[in-house]
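Letter by letter, the chains look like this.
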Amino acid sequence: MVDVKVLGPGCPNCQKLEARVRNVIQRYQLEASVEKVTDYAQIMRWNVMRTPGLVVNNVLVASGRIPSEEEIADWLKQ
């Protein structure tokens, strides 16, 4: 199972990233858990200075931007 964390306070970009992640999971029928992390102290543990951030299996793969669905699929299918 893939462990995914979407880091951000709930801004529109954070919501858009979460929606993209869920679309990819559904499209490829992946087994994944998605956690939305909104607590700034937890976000700072990942050294994310700009949100949204995306963590896959405890590795920060993106921050400060919304990756494409293709990028997200590559990270989730590894």
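Residues numbered from 1 in each chain as written. Predicted model: local features only at pLDDT ≥ 70, side-chain atom pairs only at ≥ 80, totals over all residues. Heavy atoms only, no water.

Peer 1: Would you mind going over the overall build of the protein with me for this structure?
Peer 2: Within the protein one finds three helices and four strands. Reading the protein from its N end, one meets helices and strands in the order β-α-β-α-β-β-α. The C-alpha atoms of the protein give 11 Å as radius of gyration, which agrees with the globular expectation for 78 residues (12 Å, within 12%). With respect to the three principal axes, the spread of C-alpha positions in the protein is 30 × 25 × 15 Å. Of the contacts made within the protein by residues no fewer than 6 positions apart, 66% connect residues no fewer than 24 positions apart. Taking the average place of the 10 positive charges on the side chains of the protein and the average place of its 9 negative ones, the gap between the two points comes to 5 Å. (Helix = DSSP H or I, 4+ residues; strand = E, 2+ residues; numbered from the N terminus. Rg over C-alpha atoms; globule rule 2.2 N^0.38 Å. Contact = heavy atoms within 4.5 Å. Lys, Arg positive; Asp, Glu negative; His and termini not counted. Charge placed at Lys NZ, Arg CZ, Asp CG, Glu CD.)

Peer 1: Explain the nonpolar core to me, please; I cannot follow it from the model alone.
Peer 2: Formed by 14 residues in total, the largest nonpolar core has its most connected members in Val21, Leu54, Ile72 and Leu76. Aside from chain neighbours lying at most four places away, what touches Ile72 is Leu17, Arg20, Val21, Val24, Leu54 and Pro67. The next biggest cluster of nonpolar side chains, apart from the first, holds five residues, and it includes Leu7, Val37, Ile43 and Val55. (Core = buried A, V, L, I, M, F, W, Y, C linked by side-chain atoms within 4.5 Å. Buried < 20%, exposed > 50% of the residue type's maximum accessible area, 1.4 Å probe, protein only.)

Peer 1: I would appreciate a short explanation of the sheet that holds strand β4 (residues 59–63) in the present structure.
Peer 2: Where strands meet in a sheet, backbone hydrogen bonds hold them as pairs that are either parallel or antiparallel. Spatial strand order, β2-β1-β3-β4: four strands in an open sheet with mixed pairing. With one partner strand each, in any of the chains shown, β2 (32–37) and β4 form the two edges of the open sheet. Direction aside, the axes of adjacent strands within the sheet are offset by 20° on average. Pairing of strand β1 (residues 2–7) with β2 involves six bridges; the strand directions are parallel. Paired with Val4 across the two strands is Val34, which belongs to β2. Docked against the sheet, helix α1 (residues 12–27) engages β1, β2 and β3 (53–56), running at close to 175° with respect to β2. (Pairing = 2+ DSSP bridges. Axes fitted to C-alpha atoms, helices over the stretch in contact; angles between N-to-C directions.)

Peer 1: What exactly am I supposed to notice about the UniProt feature "active site" (unreviewed entry) in the protein here?
Peer 2: UniProt marks Cys11 and Cys14 with the feature "active site" (unreviewed entry), using the numbering shown here. By the element assignment, Cys14 lies in helix α1. By relative accessible area, which is 1% here, Cys14 ends up buried. For Cys14, the contacting residues outside a window of four places in its chain are Val6, Leu7, Gly8, Pro9, Thr51 and Pro52. (UniProt positions renumbered as here; feature names shortened; annotations may be inferred.)

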